[in-house]
Amino acid sequence: MADPTGFLKHEREEPKKKSTQDRLATWGEVYAEVEPAERNEKVRKQASRCMDCGIPFCHSGGSGCPLGNLIPEWNDLVRRGDWAAASDRLHATNNFPEFTGKLCPAPCESGCVLSISPLSGGPVSIKRVEQTIADQSWEAGYVQPQISAVSSGQRVAVVGSGPAGLAAAQQLTRAGHEVTVYERDDRLGGLLRYGIPEFKMEKKVLDRRLAQLRKEGTKFVTGCEVGVDLTVEELRAGYDAVVLAVGALRGRDDTTTPGRELSGIHLAMEHLVPANKYVEGDGPSPVDAAGKHVVIIGGGDTGADSYGTATRQGAFSVTQLDQYPTPPSTRDDERSPWPTWPYILRTYPAHEEAGERKFAVAVKRFTGDENGNVRAVEVQQVRVQKDPETGRREVIPVNDEVEELPADLVLLAIGFEGVEHMPLLDGLGLSLTKRGTLSCGADWQTSSPGVFVCGDAHRGASLVVWAIAEGRSVASAVDAYLTGASDLPAPVHPTALPLAVV
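Conventions adopted
- Residues numbered from 1 in each chain as written.
- Predicted model: local features only at pLDDT ≥ 70, side-chain atom pairs only at ≥ 80, totals over all residues.
- Heavy atoms only, no water.
- UniProt positions renumbered as here; feature names shortened; annotations may be inferred.
- Axes fitted to C-alpha atoms, helices over the stretch in contact; angles between N-to-C directions.
- Helix = DSSP H or I, 4+ residues; strand = E, 2+ residues; numbered from the N terminus.
- Left-handed = near helix turned anticlockwise from the far one by under 90°.
- Contact = heavy atoms within 4.5 Å.
- Nonpolar A, V, L, I, M, F, W, Y, C, P; charged D, E, K, R; others polar.
- Pairing = 2+ DSSP bridges.
- Salt bridge = Lys/Arg side-chain N within 4 Å of Asp/Glu carboxyl O.
- Buried < 20%, exposed > 50% of the residue type's maximum accessible area, 1.4 Å probe, protein only.
- Polar contact = N/O pair within 3.5 Å; in protein donor to acceptor, adjacent residues only side chain to side chain.
- Core = buried A, V, L, I, M, F, W, Y, C linked by side-chain atoms within 4.5 Å.

Going by the annotation in an unreviewed UniProt entry, the name recorded for the chain is Glutamate synthase subunit beta, with Amycolatopsis speibonae given as the source organism. For the chain, the Pathway (unreviewed entry) comment in UniProt is given as "Amino-acid biosynthesis."

Caption draft 1: Quick look at the packing of helix H4 (residues 71-79) against helix H8 (residues 126-139). In the contact formed by H4 and H8, the axes pass within 11 Å of each other and the chain directions differ by 65°. Here H4 runs over H8; the crossing is left-handed. Facing Ile71, Trp74, Asn75 and Val78 of H4, the residues of H8 in contact are Ile126, Val129, Glu130 and Ile133. Counted by class, the contact of H4 with H8 contains six nonpolar, one polar and one charged residues.

Caption draft 2: Quick peek at the sheet that holds strand S9 (residues 356-359). Strand order in this open sheet of five strands is S6-S14-S7-S8-S9, and the pairing throughout is parallel. Both outer strands of the open sheet, strand S6 (265-267) and S9, are each paired with one neighbouring strand and no more. On average, adjacent strands in this sheet sit at an angle of 20° to one another, irrespective of strand direction. For strand S7 (residues 293-297) and strand S14 (residues 409-412), the ladder comprises four bridges, and the chain directions are parallel. Looking at S14, one finds that valine 294 is bridged to leucine 409. Contacts from helix H14 (residues 301-313) reach S7, strand S8 (317-322), S9 and S14 within the one sheet, and its direction differs from that of S8 by about 170°.

Caption draft 3: Seen up close, the pattern of salt bridges. Scanning all chains against the criterion turns up 32 salt bridges. Here lysine 203 makes a salt bridge to glutamate 198, at a shortest N to O gap of 3.6 Å. A relative accessible area of 5% means that lysine 203 is categorised as buried. Its salt-bridge partner being arginine 260, residue aspartate 253 comes within 2.9 Å of it at the nearest N-O pair. Overall, aspartate 253 belongs to the partly exposed group, its relative accessible area being 33%. We classify arginine 260 as buried; its relative accessible area is 17%. One connected set of salt bridges, linked through shared partners, spans Asp186, Arg187, Arg193, Asp207, Glu280 and Asp282.

Caption draft 4: Quick peek at the sheet that holds strand S3 (residues 219-222). Strand order across the open sheet formed by five strands is S3-S2-S1-S4-S16, with parallel pairing between neighbours. Taken across any chain shown, the strands that pair with only one partner, and hence form the sheet edges, are S3 and strand S16 (451-453). This sheet shows a mean twist of 20° between the axes of neighbouring strands, independent of strand direction. Direction of pairing for strand S2 (residues 178-183) relative to S3: parallel, over a ladder of four bridges. Looking at S3, one finds that threonine 180 is bridged to lysine 219.

Caption draft 5: The arrangement of the environment of leucine 432 in detail. Turning to its location among the elements, leucine 432 is positioned in the loop between helix H15 (423-428) and S16. According to the relative accessible area criterion, leucine 432 is partly exposed, its value standing at 23%. With residues up to four places along the chain from it excluded, the contact list for leucine 432 reads Arg250, Val419, His421, Leu425, Thr437 and Leu438.

Caption draft 6: Inspection of the UniProt feature "domain: Dihydroprymidine dehydrogenase" (unreviewed entry) in the chain at higher detail. What UniProt calls "domain: Dihydroprymidine dehydrogenase" (unreviewed entry) maps, in this numbering, to residues 31-140. Across residues 31-140 one finds 52% helix and 0% strand; the C-alpha atoms that close the span lie 21 Å apart.

Caption draft 7: Representation of the side chain of serine 476. Its location among the elements puts serine 476 in helix H17 (residues 464-483). Owing to a relative accessible area of 12%, serine 476 belongs among the buried residues under this scheme. Within polar-contact distance, the side chain of serine 476 engages the backbone oxygen of leucine 488 at 3.1 Å. Not counting residues within four places of it along the chain, the set of residues in contact with serine 476 comprises Ser486, Leu488, Pro489 and Ala490.

Caption draft 8: Here's a closer look at the nonpolar core. Core analysis: the largest hydrophobic core is formed by 64 residues, its most contacted members being Val156, Val243 and Val478. With 11 residues, H17 is the single largest residue contributor to this core. Not counting chain neighbours up to four residues away, the residues in contact with valine 243 comprise Val156, Ala157, Val158, Val159, Ala168, Leu172, Phe452, Cys454, Val474 and Val478. Core analysis: the next-biggest nonpolar cluster, separate from the first, contains 22 residues, Leu230, Val246, Leu438 and Ala457 among them.

Caption draft 9: Layout of the side chain of arginine 312. Tracing the backbone shows arginine 312 in helix H14. Within the structure, arginine 312 has its side chain in polar contact with the side chain of glutamate 353 (distance 2.8 Å).

In structure tokens, the structure reads:
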């Protein structure tokens, strides 16, 4: 039994970060290194804040973790110092807890009972406990290859090596199938490799897990675009089932604002990918913020990633623009009641380091110099509203005042429109939905027999925890398709959605 008064004895405590000066001097992760014994003792106290609720919303797929992580169980095991058992509980539901521990925004914490009232001192620091279990698992040697004792004789191709594809591949390999993962980039990991900056997750963390997958028997092919380098006919002839985990990487552009054609205006991924390749040792980035005034348009995760990347590249200034007003600092129970994901101001470590954020503003035009390079951004105060007749979102200036911001580099981080158009989809006879995604049936199978889909390609741009959950679920469906039945877990249904107020 957990300590029901633990949250009264111990305050919520976040992990200590490095100084801003140290963070900006390196691409390494922002959190300070702590001796394992000290770290574990601190986290044991944090885990003791869990009350072992009768109805733990934290691991509910609708309001908490879509993976169904057994959070109260491993919290209590950590409280008792049983790290080996905690590792078993955590890995029972999550293939890659070190990814989610570093990258997931933790909807589980929003669903924690201690989130109901600020008088509780805040939710259990579930994400920190999860990350520490993962770290301790690797340090103590708990993580070992799980090699299947039998072979099904069936072959599966997984297209895409992001978190959804890797989760599906690992589950299917452990079930005894022969799995090959195809990745068109030169290195494995998808957005984990080239979309997530090193300061959020060092790539040695990814490489360590990939080594485990290889030892278990999963095969990998890089630099191969399926549908071009490997034809659809060869794919069909060589594999009994195909899993599409190709992501939703088609970035949303701004084609209507005057001046968009100026040099120096890029989609955010055109900045992040070469920056990550630079950290991998591939040479200077062609989109470098060094010595420049940088304006980032968009207030989400991708914008924050570009923000931190630009400061580390040596930007002269960084300004992030958001069309919406400054969110409240605490949950608005009418707008997003517990246990839904709250609409609140989210400050990333990058925002603490340099630069500024501007809310309720939108770009009126980009202005350039005589050589066609962007030199400034004109912005206006705006309000966002829905058209009462069409329901479409409208951005309305509140006055005629215009502010000019210097800008030598503009990064558009305004979301993703869905799956990229690729020959593979045409060859399989698949078309995209109006949302730019690939649809499937209740068994995760697309309209092309034997072809399954998961992750962002199915859901649209989403969280890493949803990608892993869908990868695990599609593995169960593929296993059943190949063998008639499956014991693999399937944490989410293709139609599953997080709880929300509509």
